[in-house]
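# Overview (structure and organization)
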Amino acid sequence: VIMAGLSTFLANPANLILNQNDGLIARVHQTSMGFVAAMADTPDLKGSDQTDAITSDLIQTFIRQPLQMVNFGMVIDSTSCEGVYDDVLKSGPHAWDSTIRDKVNDCESKLGDYAANPSPSMFGSVIFLYPAVLIVLVLAVVIGGAVLVAGIRVCYQAAKSTVTSLVGVLPGAARRPFWGTIADLFIAMAVFMFSYVFLAIFLKVIQLVLGGSGTMSAPQRIFLTDVLLVAGLVIYM
């Protein structure tokens with residue numbers, strides 16, 4: 001079987017794995033990014049637009065929603081004031097003036113009152129955000145590092161496969177490196193795909209906690225987010 005493969009799909013195993021258009025790693029990447037884009041509610045995006053969708057989702061989850069939670073006591077997205085909030089942000093930057101607060105207050109006075117009157121709730125939200133920032137940084141390093149290492153392993157195994165596929169023709173123990181290369185490739189590509197899928201699902205969970213309905217206060221939601229971030233880091237590792 002291996003000898004037959006050497007004259008067909010194993011003739012150039014490195015190209016089979018690393019080809020930018022239809023190689024195994026390209027297919028894994030496309031599948032992973034397609035899933036992430038679907039989770040970000042942008043399933044029709046392709047290529048670099050998918051990367052933009054991921055970036056947008058990260059910004060929404062870890063910058064936009066926490067900022068709204070601290071300033072207004074709730075997530076404004078998906079409410080009647082979202083459009084007003086977006087418009088005033090686009091007209092900025094607004095440094096020390098009250099333009100954002102005033103515009104949101106015109107839309108919903110309850111939100112404006114919360115922003116205009118600093119409270120223990122607002123202070124608690126800020127305090128609980130500090131550990132969240134550190135955990136997000138660690139999570140980014142861990143996931144980014146895992147993807148980078150997986151990519152390096154794929155490249156190494158792709159180069160190694162040109163030798164192990166030839167040696168694999170021999171019987172007995174000589175075939176062990178061939179199967180070892182296949183196993184290492186599978187593990188590396190599984191880590192690659194899992195990292196993207198995990199990130200997409202995890203972002204949705206955080207968004208649901210921050211922006212979901214219920215009676216929890218802003219500090220409670222951000223504290224729960226801290227707990228989820230730690231849990232997510234442990235689960236991923």
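Residues numbered from 1 in each chain as written. Predicted model: local features only at pLDDT ≥ 70, side-chain atom pairs only at ≥ 80, totals over all residues. Heavy atoms only, no water.

### Looking at the packing of helix α8 (residues 120-167) against helix α9 (residues 176-211)
Closest axis-to-axis distance for the α8/α9 pair is 9 Å, and the angle between their directions is 155°. For the element pair α8 / α9, the angle class is roughly antiparallel. The interaxial crossing formed by α8 with α9 has left-handed handedness. Looking at the contact of α8 with α9 residue by residue, the class counts come to 17 nonpolar, six polar and three charged. (Axes fitted to C-alpha atoms, helices over the stretch in contact; angles between N-to-C directions. Helix = DSSP H or I, 4+ residues; strand = E, 2+ residues; numbered from the N terminus. Parallel < 35°, antiparallel > 145°, perpendicular 65-115°, else oblique. Left-handed = near helix turned anticlockwise from the far one by under 90°. Nonpolar A, V, L, I, M, F, W, Y, C, P; charged D, E, K, R; others polar.)

### Some thoughts on the environment of Leu228
The topology assignment puts Leu228 in helix α10 (residues 218-236). Taking the relative accessible area as the measure of exposure, Leu228 reaches 22% and is therefore partly exposed. The spacing of Leu228 and Val205 is 23 residues in sequence and 8.7 Å in space, taken between C-alpha atoms. Setting aside chain neighbours within four positions, we find Leu228 in contact with Phe202, Val205, Ile206 and Val209. (Buried < 20%, exposed > 50% of the residue type's maximum accessible area, 1.4 Å probe, protein only. Contact = heavy atoms within 4.5 Å.)

### Points about the packing of aromatic side chains
Within this structure, the stated rule accounts for eight aromatic pairs. With 5.2 Å between their ring centres and 50° between their planes, Phe192 and Tyr196 make a pair best called tilted. One end of the pair, Phe192, and the other, Tyr196, are both in helix α9, four residues apart, so they sit about a helical turn from each other. As far as the burial class goes, Phe192 and Tyr196 line up, both buried. A network of ring pairs unites the aromatic residues Phe194, Phe198, Phe202 and Tyr236 as a single cluster. (Phe/Tyr/Trp six-rings, centres within 6.5 Å; stacked < 30°, edge-to-face > 60°.)

### Overview of a nonpolar patch on the surface
A contiguous nonpolar patch, built from Phe123, Val126, Ile127 and Tyr130 and spanning about 430 Å² of accessible area, is present on the exposed surface. If you trace the backbone, Val126 turns up in helix α8. When its relative accessible area of 31% is taken as the criterion, Val126 is described as partly exposed. (Patch = residues over 30% accessible without salt bridge, like charges linked within 9 Å, V, L, I, M, F, W, Y side chains within 5 Å. Areas by Shrake-Rupley, 256 points an atom, 1.4 Å probe, with all protein chains shown as cover. Salt bridge = Lys/Arg side-chain N within 4 Å of Asp/Glu carboxyl O.)

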